[in-house]
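Here is how the chains run, residue by residue.
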Amino acid sequence: MKEFNQLCRELEALDPLMYTAILSEKSARVIPALTAIAGNGQDGLTLYATFILGAIAADGRVTDEELLVAYPLMQTFFGDAVDLDDCRNAARELKAGSRELKYAVDSLVDLIGLLSDDLKDDIVTVCLMICAIDGKVSLKEKNWIKKLIR
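Residues numbered from 1 in each chain as written. Predicted model: local features only at pLDDT ≥ 70, side-chain atom pairs only at ≥ 80, totals over all residues. Heavy atoms only, no water.

Novice: How would you explain the overall build of the chain if you had to name every residue and give the values?
Specialist: When helices and strands are counted, the chain shows eight helices and zero strands. Secondary structure of the chain in N-to-C order comes out as α-α-α-α-α-α-α-α. In terms of overall size, the chain behaves like a compact globule, its C-alpha atoms giving a radius of gyration of 14 Å where 150 residues would be expected to give roughly 15 Å. In terms of its C-alpha atoms, the chain occupies a principal-axis envelope of roughly 35 × 35 × 30 Å. Residues classed as buried in the chain amount to 47% of the 150 residues present. Charged side chains in the chain number 17 positive and 24 negative. The centres of these two groups are separated by 8 Å. (Helix = DSSP H or I, 4+ residues; strand = E, 2+ residues; numbered from the N terminus. Rg over C-alpha atoms; globule rule 2.2 N^0.38 Å. Buried < 20%, exposed > 50% of the residue type's maximum accessible area, 1.4 Å probe, protein only. Lys, Arg positive; Asp, Glu negative; His and termini not counted. Charge placed at Lys NZ, Arg CZ, Asp CG, Glu CD.)

Novice: Go over the pattern of salt bridges, please, and point to the residues and values.
Specialist: Counting across every chain of the model gives seven salt bridges. The partner of Arg29 in a salt bridge is Asp122, and the shortest N-O contact between them spans 2.4 Å. Here Arg29 is found in helix α2 (residues 16–38), whereas its partner Asp122 is found in helix α7 (residues 117–132), with 93 residues between them in sequence. (Salt bridge = Lys/Arg side-chain N within 4 Å of Asp/Glu carboxyl O.)

Novice: I'd like a description of the packing of helix α1 (residues 4–12) against α7, backed by residues and values.
Specialist: At a minimum axis separation of 9 Å, α1 and α7 run at an interaxial angle of 50°. Considered as vectors, α1 and α7 are oriented oblique to each other. Note that α1 runs across α7; the crossing there is right-handed. Across the interface between the two elements, Phe4, Leu7, Cys8, Leu11 and Glu12 of α1 pack against Thr125, Leu128, Met129 and Ala132 of α7. When grouped by side-chain class, the residues that make up the contact of α1 with α7 number seven nonpolar, one polar and one charged. (Axes fitted to C-alpha atoms, helices over the stretch in contact; angles between N-to-C directions. Parallel < 35°, antiparallel > 145°, perpendicular 65-115°, else oblique. Left-handed = near helix turned anticlockwise from the far one by under 90°. Contact = heavy atoms within 4.5 Å. Nonpolar A, V, L, I, M, F, W, Y, C, P; charged D, E, K, R; others polar.)

Novice: Before we move on, could you go through the nonpolar core and cite the residues and values that matter?
Specialist: Within the largest apolar cluster, 53 residues are counted, with the highest numbers of intra-cluster contacts made by Phe51, Ile52, Ile56, Leu128, Ile145 and Leu148. Where this core is concerned, the elements lending two or more residues are α1, α2, α3 (41–57), α4 (64–78), α5 (84–96), α6 (98–112), α7 and α8 (139–149). Per element, the largest residue contribution to this core is ten residues, and it comes from α7. Each residue touching Ile56, except ones within four places of it in the same chain, is listed here: Arg61, Val62, Glu66, Leu67, Ala70, Ala91 and Ile130. (Core = buried A, V, L, I, M, F, W, Y, C linked by side-chain atoms within 4.5 Å.)

Novice: Account for the confidence of the model for the chain, naming residues and giving values.
Specialist: Per-residue pLDDT for the chain averages 83, and the proportion of residues at 70 or more is 90%. Considering each helix and strand of the chain separately, the mean pLDDT is smallest for α6, with a value of 71, and largest for α1, with 90. (pLDDT = per-residue confidence, 0-100.)

Novice: Report on the environment of Cys131, specifying residues and quantitative values.
Specialist: Along the chain, the position of Cys131 falls in helix α7. When the C-alpha positions of Cys131 and Leu11 are compared, they lie 9.0 Å apart, and in sequence the two are 120 residues distant. Apart from residues lying up to four places away in sequence, Cys131 is in contact with Ala55, Glu66, Lys136, Val137, Glu141 and Ile145.

Novice: If you had to explain α4 to someone new, which residues and values would you point to?
Specialist: Relative to the 21 Å expected for 15 residues at 1.5 Å per residue, α4 spans 20 Å between its end C-alpha atoms, a close match to the ideal helical length. The largest bend in α4 comes to about 30°, at Ala70, with the proline Pro72 one to four residues further on. Along α4, the residues classified as buried are Glu66, Leu67, Val69, Ala70, Tyr71, Leu73, Met74 and Phe77. Downstream of α4 by a residue or two, Gly79 has a phi angle that is positive, lying close to 65°. (Expected span 1.5 Å × (residues − 1). Bend = angle between axes of the 7 residues up to and from the residue.)

Novice: Give me the lowdown on the side chain of Thr63, citing residues and values where you can.
Specialist: Structurally, Thr63 is set in the loop between α3 and α4. Relative accessible area serves as the criterion here: at 10%, Thr63 is assigned to the buried category. Among the polar contacts listed, one links the side chain of Thr63 to the side chain of Glu66, at a separation of 3.1 Å. (Polar contact = N/O pair within 3.5 Å; in protein donor to acceptor, adjacent residues only side chain to side chain.)

Next comes the structure, spelled out in structure tokens:
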């Protein structure tokens, strides 16, 4: 993976129109791997959604920019079973319950250890993209992402 801070700067400057294409490409690679680990499609999707929601909640704020990038992915994954308010509420629950976010991060770190380096890089890139959509990856967000890398 590229040097971490350089990758953060690149993603902070990324044209928002590029987000959809890159997120779709990365998602197409990551979801099947998570599904294989989880054992069924729904669990793989849920795991991936947890990475995304964790990235939204990582800095302790739930911003519309992050939600508006994540929501189309969630809707693609879960269809009409999820709406923007569901995404917002799930991210806020993770944010509000720091214990839940810590547990989610610990579980995700264990899971990410089962994946190839390329898939780990894809997951980290997706999480960084969610964090960077507002133009700045905060220190809290960087620290959260670094936990995934370990």
